Amino acid sequence: MEPKVVAGARSAAAASGSWWRYPSSGYLVMQSGSGNNWAQGFHGYGPQVHEDALDLVRKEVEHADSLTGFLLLQSMAGGTGAGLGTYVAEALRDEYHSAFVANCCVWPYESGEVIVQPYNTLLTLSHLADVSDGLVLLENEALHRTAAKLYGIARPSFGDMNGIAARALAAALLPSQPRGPYAGGAYVAPASQQHHHHHQAHGHGAGPGRSSPGSSGGGVQLPALRRADSSGGRLGGESPGLGSLGSRGGGATPPHAAASSPSASGAGGSGGWGVCTAPLAELVTRLCGHPAYRLLTLRSVPQLPPANIDFTTFTWPALTKRLRQMLVTGSVLEEGLDWSITPQSPGAAAALGAGLAGPTVNRALASWLILRGQGAAEADVGEFADPALSAAWSPEPLSVSYSTGRFGRCAMSACLLSNDRHCVGPIQRMQEHAYGMLESRAFVHQYEKYGLSVAEFQDCFARIEDIAQRYARL
Amino acid sequence: MPRELVTIQVGQCGNQVGCRFWELALREHAAYNTKGVYDEALSSFFRNVDTRVEPPRNLPVGEGRGAIRTLKARSVIVDMECGVINEMLKGPLGEVLDTRQLVSDVSGAGNNWAHGHHEYGPRYHDAILDKIRLTAEDCDSLQSFMVLHSLGGGTGSGVGTYIVRMLADEFPGVFRFTGSVFPSEDDDVVTSPYNAMLALGQLVEHADCVLPIENQALIDIVNRTEAARDRAAAADAAASAVSGLKGSGGGSKPFDSMNGVAASLLLHLTASVRFEGPLNVDLNDITMNLVPYPRMHFLLSSMSPLQPPPKDKDVGRAAAALALQPRTLDQVFGDVFSREHQLIRADPRAATYLACGLIARGPTATMADINRNVARLRPQLKMVHWNSEGFKLGICSTPPVGCPFGLLCLANNTAIAHTFTTMRERFDKLYKRRFYTHHYEQYMDPGGFTSAMEVVGDLTAQYRALEGATQAPPLTRLRPRGLSFLP
């Protein structure tokens, strides 16, 4: 709602040579900004720019052959990104019923960048939890620490942090091809079915893939169709979803054929970009199946300064081991990992905040692992399929995709999008601040000017409590 | 077409501060706008006028690449006696200030708030409103008004607060900032306590945000920098040539440096509106984040560097002046929280912060620096319990003229209650015996005194109630449960 940043972005894009630029009239700016006021963005500017914003979107949608969905990039602490962004998400949901609406939201610094950020963040989150199909949370603090510790930038600027976030997001959303988690792209562990059942019944054990010594890339492949003979019935029931996916995704060959080719050939799938369904659709259907669980965390390895890439040797086991430990501890950074925490730790099965003294282990509802680089089709990532890492009732806890093309200059890289309970911590801390402020009715008059009353605040906080409770009990 | 800011200068003090402000604004823009184009940054304070045609035509910003023809300030000048204004218009600012936007009278308000507010105010209501409306129509999207005035005199406080009330009625959607100069202890106007109290009563109700500036604090600041500069200069250069040049910056008028400090405050405040940066802070961001309750809109300001480096002809003194500028960004953070850099006489560290905003200027300032310094200084500050971590941060890439970085701190702090109390005591000394009240009763009804006292008293009590509220009260808080009670 103020012109400087948009003007800067467009001139930067135009100055990047003739690779790409923003459409010449594809922007909407006003003058005064939203004053960090969520209510001003939502109730004030929302109805005002409704027509113009939807017109701009319609122009772009008309160019598309088959629309999968929208990805909104916004912050949660401000007025325009949070308030107007939420309004636009709701408007898109109303206007385009069959398209996905995914959001990529930036969680502010806990030390505060805006004083009313607790209000703005929780208002945004409560509204988007109903409207959005999937919400990727990027925390400013995590990005800052990544830049400072892993990229070696002593005083990270917003440009650096934005670059890290954009790279991680691109690693997740660039085209990729589905495959199974075990060596060679198999959907079922190369070890025998019996073995697999036994392991699963006990509910622990280091993933089946690892324990079979003799299985090389080619091994005993059961040419199972994906999700057909599900070992233990955990992988069932997704075909209706897949069918509609095929009709909407606009890809070429149906997923069944694509899935069977890796296991049939036994030597990894076809190289290159190959068949890919729309990444947004994959994200939503694989990860956000339950309406109450929509918050995703994005982890990406390796996090290396560009100068070190040439001097690093990449191996799949090293990358995936670190990524798995990041998932287990809930951290988003590649360093400072606490290796003593495993899914078998004593506190693992507890709900968060249940007061047990053990370390809290992260648990996910669903995870989507994307491998990029050479050998991505065959790498064994069976350890991610450990049942202790995911909630007992989740229908498909792990999906894996690959692409043999490199991402950036790293020979191998991996990215994990997971619907896990890492988000509960920041939400609870933000709630404390917000409740304290609301109790003293601080800043409330600024929101009441635009029609947001104390009762609405309390409704929104109740919704957030729901979300946090559910995730904590995952 | 960025957000324009219209300045309304009222009274002798207001006009002098305003004068200095335009000088410094032109200097700042000249330093960064080397090609002489009329860009968006300039358009927030100035109009570009083509004087070759009659009537003179305003040139729009357009793409921001048109050449500057004649710059005219977006300001309205009000004074009830014409001495100061005439002198201003005769000087180098005569071209920038438009005589069309001038409202003046001859005899002055006699240092009487009631004369200004109840007599001149209504009499010139239409004239002032017309001029303001003309100026507002020249703006593409007006964001706020800035009223510069003093509270101790008659015109600035009386007519100034009348204008603030008028703006609240006529332009409700536009923010009303005021830069109000509070009278010092030994003000040369005897009735200044009355004027200040009555004006303050109006400001509490009708202004959106008040930036109090105390004369005494400015005097202290200027004296300190002058003393330090003289010491440094005397140490540097040989004694004879330099020691002859004492006083404020070689031949300028006595209030110039003080007004310069006040004017720099306005420049820093609007820097993020005019120039770009990684984290922009608009004026409405400031009112949103720093005003927790509707009437508690008095912000203590402090900044570093305090004064723009003067254009000293003498190399020795110029070097000495540069030596006084802060050396590191960390140093400026320490400065702005110290007592010496505040623009009112208060020690904010001894009182409780309700909200604090920091606007850093300079190309090398990053979030990391600000966060580091805030973490370093936070333990020394007392913050109210519901905002224990809250700071409003902003970064603007353009530094102030002459220094590689700068910082402005706007704090909503309970120390202002102390200022109000001192003012109230001075007021009581006179009002107990009803000295001079007959002058006021000529124009207004005696109830005006009591209502102003009540309003200011209530506000002081509100601030005092929050003083020391750094711990949350030990009540059990009911958390909204949502549907979690369902199995």
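What you see is a predicted model, and the numbers here were worked out from it, not measured in a lab. (Residues numbered from 1 in each chain as written. Chains lettered and ligands numbered in written order. Predicted model: local features only at pLDDT ≥ 70, side-chain atom pairs only at ≥ 80, totals over all residues. Heavy atoms only, no water.)

## Quick word on the packing of aromatic side chains
Thinking step 1. Under the counting rule described, the total for this entry stands at 31 aromatic pairs over all chains.
Thinking step 2. Their ring planes at 45 degrees and their centres at 6.1 Å tell us that Phe427 of chain B and Phe449 of chain B sit as a pair that is tilted. Of this pair, Phe427 of chain B sits in helix H15 (residues 416–431) while Phe449 of chain B is found in helix H17 (residues 447–466), placing the two residues 22 residues apart along the sequence.
Thinking step 3. An aromatic cluster of at least three residues, connected via ring pairs, comprises Tyr119, Tyr435, Tyr447, Phe457 and Phe461 of chain A.
Thinking step 4. Over the ring of Trp339 of chain A we find Lys321 of chain A, and its NZ or CZ is 5.2 Å from the ring centre. (Phe/Tyr/Trp six-rings, centres within 6.5 Å; stacked < 30°, edge-to-face > 60°. Helix = DSSP H or I, 4+ residues; strand = E, 2+ residues; numbered from the N terminus. Lys NZ or Arg CZ within 6 Å of the ring centre and 35° of its normal.)

## Concerning the pairing of strand S7 (residues 142–150) of chain B
Residue and element names in this part refer to chain B.
Thinking step 1. In terms of burial, S7 is largely enclosed, as nine of its nine residues are buried.
Thinking step 2. Sheet topology note: the strand S1 (residues 4–10)/S7 ladder contains six bridges and is parallel. Looking at the pairing, Leu5 lines up with Ser144 of S7. (Buried < 20%, exposed > 50% of the residue type's maximum accessible area, 1.4 Å probe, protein only. Pairing = 2+ DSSP bridges.)

## What to know about the pairing of strand S14 (residues 406–413) of chain B
Residues and elements named next belong to chain B.
Thinking step 1. Most of S14 sits inside the fold, with eight of its eight residues counted as buried.
Thinking step 2. Side chains Gly406, Leu408, Leu410 and Asn412 project from S14 onto one buried face, and the interleaved Leu407, Cys409, Ala411 and Asn413 project onto a second face that is buried too.
Thinking step 3. Pairing analysis gives five bridges linking strand S10 (residues 300–304) to S14, with the strands arranged antiparallel. Bridged to Ser304 within S14 is Leu407.
Thinking step 4. Note: strand S11 (residues 352–361) against S14, eight bridges, orientation antiparallel.

## Brief notes about the pattern of salt bridges
Thinking step 1. Going through the model one piece at a time under the given rule, you end up with 24 salt bridges over all chains.
Thinking step 2. In this structure, Arg299 of chain A and Asp420 of chain A form a salt bridge, with 3.0 Å as the shortest nitrogen-oxygen distance. Here Arg299 of chain A, found in strand S5 (residues 295–301), pairs with Asp420 of chain A, found in strand S8 (residues 412–420); they are 121 residues apart in sequence, far enough to count as distant.
Thinking step 3. The salt bridge partner of Arg372 of chain B is Asp369 of chain B, with a shortest N-O separation of 3.3 Å. Of this pair, Arg372 of chain B and Asp369 of chain B both sit in helix H14 (residues 367–377), three residues apart, which is roughly one turn of the helix.
Thinking step 4. Under the relative-accessibility criterion, Asp369 of chain B is labelled buried at 2%.
Thinking step 5. It is possible to trace a salt-bridge network through shared partners that takes in Arg155 of chain A together with Asp330, Asp369 and Arg372 of chain B. (Salt bridge = Lys/Arg side-chain N within 4 Å of Asp/Glu carboxyl O.)

## Details of the domain arrangement of chain B
Accessible area lost when the parts come together is the quantity often used to give the size of an interface.
Residues and elements named next belong to chain B.
Thinking step 1. Along its sequence, chain B is carved into domain 1 (4–228 + 256–416) and domain 2 (417–468).
Thinking step 2. The gap between the C-alpha centroids of domain 1 and domain 2 is 26 Å.
Thinking step 3. In this complex, domain 1 contributes 40 residues to the contact, which on the side of domain 2 involves 29 residues.
Thinking step 4. Interface area for domain 1 against domain 2, summed over the two sides, is near 3100 Å², with a carbon-plus-sulfur share of 70%.
Thinking step 5. Per-residue buried area on domain 1 facing domain 2 is highest for Tyr194, Met197 and Ile416; these three make up 25% of the total on that side.
Thinking step 6. Seen at the junction of domain 1 and domain 2, the total is one salt bridge.
Thinking step 7. Put simply, Arg426 and Glu185 hold a salt bridge, and the shortest N to O gap is 4.0 Å.
Thinking step 8. Along the contact surface separating domain 1 from domain 2 lie 13 residue pairs in polar contact (both at pLDDT 80 or more).
Thinking step 9. Among the secondary structure elements, those contributing two or more residues to the side of domain 1 that touches domain 2 are helix H4 (113–123), helix H7 (192–206), S11 and S14.
Thinking step 10. Here the side of domain 1 that touches domain 2 is built from residues that sort into 22 nonpolar, 13 polar and five charged. (Domains from an automatic or database assignment. Contact = heavy atoms within 4.5 Å. Buried area = accessible area lost by both parts, 1.4 Å probe. Polar contact = N/O pair within 3.5 Å; in protein donor to acceptor, adjacent residues only side chain to side chain. Nonpolar A, V, L, I, M, F, W, Y, C, P; charged D, E, K, R; others polar.)

## Here we look at the packing of helix H2 (residues 38–63) of chain A against helix H3 (residues 80–95) of chain A
Angle between the axes and distance between the axes: these two values describe a pair of packed helices.
Residue and element names in this part refer to chain A.
Thinking step 1. Two numbers describe how H2 lies on H3: the axes approach to 8 Å, and their chain directions differ by 45 degrees. Considering the angle they form, H2 stands oblique to H3. Seen from above, H2 lies across H3 with right-handed handedness. Contacts from Trp38, Gly41, Phe42, Tyr45, Gly46, Pro47, Val49, His50, Leu54, Val57 and Arg58 of H2 reach H3 at Ala82, Gly83, Leu84, Thr86, Tyr87, Glu90, Ala91, Leu92 and Glu95.
Thinking step 2. Partitioned by chemical class, the residues of the contact of H2 with H3 number 12 nonpolar, five polar and three charged. (Axes fitted to C-alpha atoms, helices over the stretch in contact; angles between N-to-C directions. Parallel < 35°, antiparallel > 145°, perpendicular 65-115°, else oblique. Left-handed = near helix turned anticlockwise from the far one by under 90°.)

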